[in-house]
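# Inside the fold
Each chain, written out:
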Amino acid sequence: MVFTAELKKARAADSPASTTVDLPIGPYRMLDILDKLRLHEQETIIWEITDYHLFEELEPLLDKTGAFFELNALAWRLMELDEAQSTAFAGLLAMEDAKGPIPLPRLIDLAYSTQSCHVLGDAPSGSQPDRTRASEKGVFVKQSRDHPGGYVSRHGDLTEAYKNLDLTPRKPEYVIRASIKYDPVAGPDVDLSQVICIDLPASEEQVRYMDVQMTGDWLGTYLYSIDSVIPQITDHILCVDSIPDLNPLAHKVAALDPAMVPAYKALLEAAGCRDYAGAERLIDTLDQYSFYPHFVSPADVAKEELLIITAEDNAQTLLPYLNLHEYGEALIQKSGGVLTSYGLIERIDGHPIQSPRQEQPEGGMNFG
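In this section: the packing of helix α3 (residues 83-96) against helix α4 (residues 104-111). Describing two packed helices takes the angle between their axes plus the distance from one axis to the other. Their axes nearest at 9 Å, the elements α3 and α4 cross at an angle of 135°. The orientation of α3 relative to α4 falls into the category oblique. Here the hand of the crossing between α3 and α4 comes out right-handed. Within the contact between the two elements, α3 uses F89, L92, L93 and E96 and α4 uses R106, L107, L110 and A111. For the contact of α3 with α4, the class distribution of residues is 6 nonpolar, no polar and 2 charged.

What follows is the structure in structure tokens.
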């Protein structure tokens, strides 16, 4: 990971709807954030970086008013850089000689322009400050935890990469994409930079091919990243061997009405489900629940109840004198529901939501 960031919806900065994410993230994780923040068209995300895992030198230079999608694109590029390229990027940052924040589009162009630099040797030990200009065309970059440092000179034009990037969030064709890479212990002849993508759902023939590869060419690989419509489950997958086992669940999720996906994610969260076998059982019972994605806090539940049981004028008069949070919590407890990061979900029969092994509800799905 490159950054850890806290996110909120710009038009409702005081809303409890928020989430924390490690960047970069894939397409489905991005869509998951939009679900959690209840983000609609033309609405934007407020972000704040809480931890710089790489490139700490960016902290005083990052334009914090930039778009979140741009920040994620920058994180993706930075994670792809090797040590020499990271040194070159640090050198390009120094050559900017910025007196204030650098716009994210400019940073993205710099991150894609490392091929325009020569990197020579190590920076002199003890050089002060951390980046010391040596000439008009180059800088010394001090060693950091991200790169060995060295003398960086630029010999070509910057790549204008940003203008060609499509940052619009889109639903991928896959349900789950697992990316694996070779570990150095796999042998001297493996390509450590190679990324092998495994997409699910897969056909029976493709699964048989995976099983063969697991004991053959893919020996010595590790799970590099995973992007999934159901991160509650796939975030807990740690080994490559488990990937084919997700295929039956991936087929069921692929057949799910897209409008039902947030409800399914809410049910997984409410039931505390983290294994794919339990997730399969829950998806078969999804039509037995009511889901209310517009509820963000217990106070929202309380306000809606007041509007139902009293006239609107009376409700507005009562609101300032009530503990809406406690009232909402009591209503949620009475209904047996759970307020998740996606909204409120309840069993239609009014019973409490239980673990997948306990769930055997009867009824039909309702949306609030």
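To continue, consider the sheet that holds strand β10 (residues 221-228). Across the sheet, 3 strands lie side by side as β9-β8-β10; this open sheet has antiparallel pairing. In the strand order of this sheet, the two ends are held by β9 (195-200) and β10, each with one partner. Strand-to-strand twist in this sheet, taken as the mean axis angle between neighbours without regard to direction, amounts to 25°.

In this section: the sheet that holds strand β1 (residues 3-9). With antiparallel pairing, the 3 strands of this open sheet are ordered in space as β2-β1-β3. Two strands close off the open sheet at either side, each with one partner strand: β2 (18-23) and β3 (45-52). Here the strands of the sheet are splayed against their neighbours by 25° on average, with no regard to which way each runs. The pairing of β1 with β3 spans 7 bridges and is antiparallel. When the bridges of β3 are listed, K8 appears paired with I46. Sitting on the sheet, helix α2 (residues 68-80) touches β1, β2 and β3, and the angle it makes with β2 is about 25°.

Rules behind the numbers
- Residue indices follow the written sequence of each chain, beginning from 1 at its first position.
- Predicted model: local features are reported for residues with pLDDT of at least 70 only, side-chain atom pairs are reported and counted for 80 or more only, and whole-chain, interface and lining totals are derived from all residues.
- Excluding hydrogens and water, the side-chain figures rest on all heavy atoms present in the structure.
- Every angle, taken between N-to-C directions, lies between 0 and 180 degrees, and every axis is a line fitted to C-alpha atoms, over only the stretch in contact when it is a helix.
- Comment: elements are numbered from the N terminus, with helices defined as DSSP H or I runs of at least four residues and strands as E runs of at least two.
- Note that the term roughly parallel is reserved for angles under 35 degrees, roughly antiparallel for angles over 145, roughly perpendicular for angles of 65 to 115, and oblique for everything else.
- The sense of a crossing depends on the near helix, which, turned anticlockwise from the far helix by less than a right angle, makes the crossing left-handed and, turned clockwise, makes it right-handed.
- In this analysis, two residues are considered to be in contact whenever any of their non-hydrogen atoms come within 4.5 Å of each other.
- Gly is placed with the polar residues, together with every amino acid not listed as nonpolar (Ala, Val, Leu, Ile, Met, Phe, Trp, Tyr, Cys and Pro) or charged (Asp, Glu, Lys and Arg).
- Strands qualify as paired when DSSP identifies two bridges or more between them.

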